[in-house]
Amino acid sequence: MSANAAPVNLLRIRADLLDWYDREHRDFPWRVTRDPYAVLVSEVMLQQTQASRVADRFPRFLRRFPSAQALAEARAADVLAEWSGLGYNRRALSLQRASAMVARDGWPATVSGLEQLPGVGPYTARAVASLAFEIPVGVVDTNVRRWFLRRFAIADSPPELQRLADALAATGDAGQTDTWTHATMEFGASVCRSREPRCGTCPIAAGCPSRGRAARVAVPRQATLRGSDRAYRGAVLRDLTLRPGHAVPADVLRHALRADADRIGPALDDAGWERVLAALEGDGLVHQSGGVVAAGPPLQSAHEHEAEGR
Ligand code: SF4
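Undergrad: Sorry if this is basic, but what is going on with the pairing of strand β3 (residues 292-295) here?
TA: A regular strand carries its side chains on alternate faces of the sheet. Of the two faces of β3, only the one carrying Val293 and Ala295 is buried; Val292 and Ala294 on the other face are not. Across 3 bridges, strand β1 (residues 247-249) lies against β3 in antiparallel orientation. When the bridges of β3 are listed, Pro249 appears paired with Val292. Connecting strand β2 (residues 286-289) to the next strand, β3, in antiparallel fashion are 2 residues, including Gly290 with a positive phi near 55°.

Structure, rendered in structure tokens:
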């Protein structure tokens, strides 16, 4: 089916899902705000971290850095320390650079303008546009893709999925733009789930070609973490953010990683150690000076980093 083939059905499906969301959605702290900064923080956290973990960390992050200005002015090492445990630490520095741009220039209130912010891709730009600025554009995350494929039996093609998402977002009451974005993602996460979809209580089961026989929708598998460079990079950052001043002599740091080999992976040889530190330095996540490794780039403001590019 194409997104434009049955506008009446889209209206019905959207209305049924909005009613269902109103009755049954889970409460998460990012669902009660339209503050673009808070929305951006939550969307960046949710990109690669489970919602239950973000639910703990999102309010804490906002207490520590309550505005784009506050985040832009913070030490990168402190931002990384607050981010520790959420994974994919480059996101924290990109978020800080995005905040620096916003603090300087104000919020871009278009999808294309939002995409110019560091760390903000097409999905995140659309999420922020719809949730914070009431722009009726559709979002396609893993959960939305799954329920679209099952309910509409359309091709698993990003442009086609996006067209359908945009058509649904632009259907019906413009005043419910943010609620719709939450609803479409929540429905895939909690009803049309990857395993054991709840077809028996599904609010849009009528006419669903997958009802009662929904196939699993494959998602790309993540590589094993233990023993990967990602595991060592994460361990270095985690260790540094727990140290006073977020800095420690390199040999002490390397010893600490060896002592945690069961969790991280076998001790790195010299070449592996250099490779991991070089990658972290290249991303601005650590810097070295006089045999000491410290979290964050060499002392430099987020504004200066932002000027260097993304
Ligand atoms: S009926 Fe089942 S497969 Fe179809 S949309 Fe509902 S939960 Fe998903």
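Picking up after the structure, the text goes on.
Undergrad: Teacher, can you tell me more about the domain arrangement of the chain here?
TA: How big an interface is tends to be stated in terms of the accessible area lost upon association of its parts. Assigned domains within the chain: domain 1 (7-201) and domain 2 (229-307). The C-alpha-based centres of domain 1 and domain 2 are spaced at 31 Å. Mapped onto the side of domain 1 that touches domain 2, the elements with two or more residues apiece are α5 (76-83) and α6 (90-105). The element contributing the most residues to the side of domain 1 that touches domain 2 is α6, with 7 residues. A per-class count over the side of domain 1 that touches domain 2 returns 9 nonpolar, 4 polar and 4 charged.

Undergrad: Can you walk me through the site of the ligand in this structure?
TA: Around the ligand sit 15 residues, and of these Cys192, Cys199, Cys202, Cys208 and Ala214 come closest. In the shell around the ligand, the residues fall into 10 nonpolar, 1 polar and 4 charged.

What counts as what
Residues numbered from 1 in each chain as written. Predicted model: local features only at pLDDT ≥ 70, side-chain atom pairs only at ≥ 80, totals over all residues. Buried ≥ 20, exposed ≤ 12 C-beta atoms within 10 Å, placed from the backbone. Helix = DSSP H or I, 4+ residues; strand = E, 2+ residues; numbered from the N terminus. Pairing = 2+ DSSP bridges. Domains from an automatic or database assignment. Nonpolar A, V, L, I, M, F, W, Y, C, P; charged D, E, K, R; others polar. Near = placed C-beta within 6 Å.

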